[in-house]
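Chain by chain, the residues run as shown.
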Amino acid sequence: MVFIWLLVGLLAAWGFVCFACSKPAELERRIMAIGLIVAGLIYCLFAIWYWQPYWLGIEIIAILVNIGLIFLSFKHSIYWLVFAWAIHPFWDLYIHLIGPANFFTPSWYPVFCLSFDLFVAVVIVRRQLSWQKLNQE
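Fair warning: this is a prediction, and the values are worked out from it, not measured in the lab.

Colleague: Before we move on, can you summarise the packing of helix H2 (residues 25-49) against helix H3 (residues 53-75) with the specific residues and values?
Modeller: Packing of H2 against H3 leaves a shortest axis separation of 8 Å and a crossing angle of 170°. Between H2 and H3, the angle is such that the two are roughly antiparallel. Here Glu-26, Arg-29, Arg-30, Ala-33, Leu-36, Ile-37, Gly-40, Leu-41, Tyr-43, Cys-44, Ala-47 and Ile-48 of H2 lie close against H3, whose contacting residues are Trp-55, Leu-56, Glu-59, Ile-60, Ile-63, Asn-66, Ile-67, Ile-70, Ser-73 and Phe-74. Split by residue class, the contact of H2 with H3 holds 15 nonpolar, three polar and four charged.

See below:
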């Protein structure tokens, strides 16, 4: 079953990336950043659904950290966005699959996110060359 959710995560990431890459480079970068915020908001929805106010607060703090990393990526280096996407699976797996918040998160979702998040991080690394060309113009 894990393999299926990893595959579904990859397919969903592929769809997300295809959508983002079909836009102009500056919009593409913003879509990638918004996607990271949405990934965090989904955990907020799980916390609300199972009425976990403590975890809702923690998830909001995590989103604020991601917003900070996104800000750094727009001001300094795109690799801050890559970093944010690349570390998100650790949050998914450690906190929501095997860790303290696994009681309100469906077990398939962190597995789905593992492949989704890492795929997006790799694509951003690959696409950053076109974004650099945009900044030089």
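Still more ground to cover, so stick around.
Colleague: Give a description of unusual backbone geometry that names residues and reports values.
Modeller: Positive phi, close to 40°, is recorded for Trp-51, a residue that is not glycine. Residue placement: Trp-51 occurs in the loop between H2 and H3.

Colleague: Account for the side chain of Asn-66, with residues named and values stated.
Modeller: One can find Asn-66 in helix H3. Look at Asn-66 and you get buried, because its relative accessible area is 8%. Setting aside anything within four residues of it in sequence, one finds Asn-66 in contact with Leu-36, Ala-84 and His-88.

Colleague: Describe in detail the packing of helix H1 (residues 2-21) against H2, supporting the description with residues and values.
Modeller: In the contact formed by H1 and H2, the axes pass within 8 Å of each other and the chain directions differ by 145°. Across the interface between the two elements, Phe-16, Val-17, Phe-19, Ala-20 and Cys-21 of H1 pack against Glu-28, Ile-31, Met-32 and Gly-35 of H2. Residue classes in the contact of H1 with H2 are distributed as seven nonpolar, one polar and one charged.

Colleague: Give me the lowdown on the nonpolar core, citing residues and values where you can.
Modeller: Judged by nonpolar contacts, the single largest core of 34 residues is most densely connected at Phe-16, Met-32, Leu-81, Trp-85, Phe-116, Val-120 and Ile-124. Going through the elements one at a time, H1, H2, H3, helix H4 (79-96) and helix H5 (108-136) are the ones with two or more residues in this core.

Colleague: Go over the environment of His-88 with me, naming the residues and quoting the values.
Modeller: Here His-88 lies in helix H4. Between the C-alpha atom of His-88 and that of Ala-62, which follows or precedes it by 26 residues, the distance is 9.7 Å. Setting aside anything within four residues of it in sequence, one finds His-88 in contact with Leu-36, Ala-39, Gly-40, Tyr-43, Asn-66 and Asp-117.

Colleague: Break down the packing of aromatic side chains for me, citing the residues and quoting the values.
Modeller: Enumeration over the complete set of coordinates arrives at 15 aromatic pairs. Aromatic side chains Trp-85 and Phe-116 sit 6.0 Å apart centroid to centroid with 40° between the ring planes, which places their arrangement in the tilted category. On the criterion of sequence distance, the pair formed by Trp-85 in helix H4 and Phe-116 in helix H5 is long-range, its members being 31 residues apart. By relative accessible area, which is 0% here, Trp-85 ends up buried. Geometrically, the ring pair formed by Tyr-109 and Phe-112 is stacked, given 5.9 Å between the ring centres and 20° between the ring planes. Of this pair, Tyr-109 and Phe-112 both sit in helix H5, separated by three residues, roughly a single helical turn. The burial state of Tyr-109 is the same as that of Phe-112; both residues are buried. Looking at Arg-29, its charged tip hangs above the ring of Phe-74, at a distance of 4.7 Å from the centre.

Parameters and conventions
- Residues numbered from 1 in each chain as written.
- Predicted model: local features only at pLDDT ≥ 70, side-chain atom pairs only at ≥ 80, totals over all residues.
- Heavy atoms only, no water.
- Axes fitted to C-alpha atoms, helices over the stretch in contact; angles between N-to-C directions.
- Helix = DSSP H or I, 4+ residues; strand = E, 2+ residues; numbered from the N terminus.
- Parallel < 35°, antiparallel > 145°, perpendicular 65-115°, else oblique.
- Contact = heavy atoms within 4.5 Å.
- Nonpolar A, V, L, I, M, F, W, Y, C, P; charged D, E, K, R; others polar.
- Buried < 20%, exposed > 50% of the residue type's maximum accessible area, 1.4 Å probe, protein only.
- Core = buried A, V, L, I, M, F, W, Y, C linked by side-chain atoms within 4.5 Å.
- Phe/Tyr/Trp six-rings, centres within 6.5 Å; stacked < 30°, edge-to-face > 60°.
- Lys NZ or Arg CZ within 6 Å of the ring centre and 35° of its normal.

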